Amino acid sequence: MLILGIILLVVGFVTGIAILWTIGIILAVIGAILWIMGSLGHAVAGRRHYW
């Protein structure tokens, strides 16, 4: 999810499409939160590790 968010950020920035930029920011933030929670040992969506 983090990688997809970064890809959408880049594509949205290059093409100038604002909705891709917005969706990319949202996905990148959610992906970063899930990654941090998983790396700290918290169970995320029933999984011990999230990747």
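Note that the coordinates shown come from a computational prediction; the quantities given were computed from them, not determined experimentally.

(A) Fine view of the overall build of the chain. If you tally the helices and strands in the chain, you get two helices and zero strands. For the chain, the residues scored as buried account for 22% of the 51 residues in total. Taking the contacts inside the chain whose residues are at least 6 apart along the sequence as the reference set, 24% of them involve residues at least 24 apart. Here the chain has roughly 3800 Å² of accessible surface; of this, 79% comes from carbon and sulfur atoms.

(B) Local environment of the environment of Leu27. Looking at the element boundaries, Leu27 is found in helix H2 (residues 18-39). Considered as a pair, Leu27 and Leu9 are 18 residues apart in the sequence and their alpha carbons are 9.4 Å apart. Those residues in contact with Leu27 that sit more than four places away from it in its chain are Met1, Leu2, Leu4, Gly5 and Leu8.

(C) Summary view of helix H1 (residues 2-15). Between its first and last C-alpha atoms H1 spans 20 Å; for 14 residues at 1.5 Å apiece the expected length is 20 Å, and the two agree. Burial in H1 covers these residues: Gly5, Leu8, Leu9 and Gly12. On an axial view of H1, the arc spanned by its buried residues comes to 105°, and they lie on one face. Exposed side chains of H1 directed beyond 90 degrees from the buried face belong to Ile3 and Val14. Those residues of H1 that are buried are in contact with H2.

(D) Up close: the UniProt feature "transmembrane region" (unreviewed entry) in the chain. Those residues carrying the UniProt feature "transmembrane region" (unreviewed entry) are residues 6-38 in this numbering. Counting secondary structure, residues 6-38 comes out at 94% helix and 0% strand; the distance between its end C-alpha atoms is 19 Å.

(E) A look at the packing of aromatic side chains. The tally for this structure, following the rule as stated, stands at one aromatic pair. Aromatic side chains Phe13 and Trp21 sit 6.0 Å apart centroid to centroid with 40° between the ring planes, which places their arrangement in the tilted category. Overall, Phe13 belongs to the exposed group, its relative accessible area being 64%. Residue Trp21 is classed as partly exposed on the basis of its relative accessible area, which comes to 38%.

Procedures and definitions
Residue indices follow the written sequence of each chain, beginning from 1 at its first position. pLDDT decides what is reported in this predicted model: residues at 70 or higher carry local features, side-chain atom pairs at 80 or more are listed and counted, and totals for whole chains, interfaces and linings draw on all residues regardless. To obtain the side-chain values, all non-hydrogen atoms of the structure were used and water was disregarded. A run of DSSP states H or I qualifies as a helix once it reaches four residues; a run of E qualifies as a strand once it reaches two. Both are numbered from the N-terminal end. Each residue is assigned to one of three classes by its accessible area relative to the maximum for its type, calculated with a 1.4 Å probe on protein chains only: buried under 20%, partly exposed between the two thresholds, exposed over 50%. Contact definition: two residues touch when any of their heavy atoms are within 4.5 Å. Here, Shrake-Rupley sampling with a 1.4 Å probe gives the accessible areas, and only protein chains in the shown set may cover a residue. To estimate the expected span of a helix, subtract one from its residue number and multiply by 1.5 Å. Comment: arc refers to directions from the helix axis out to C-beta atoms. UniProt positions are given in the numbering used here, feature names are shortened, and annotations may be inferred rather than shown by experiment. Between rings of Phe, Tyr and Trp, where Trp is taken as its six-membered ring, a pair exists when centres lie within 6.5 Å; planes separated by under 30 degrees are stacked, by over 60 edge-to-face, and by other angles tilted.

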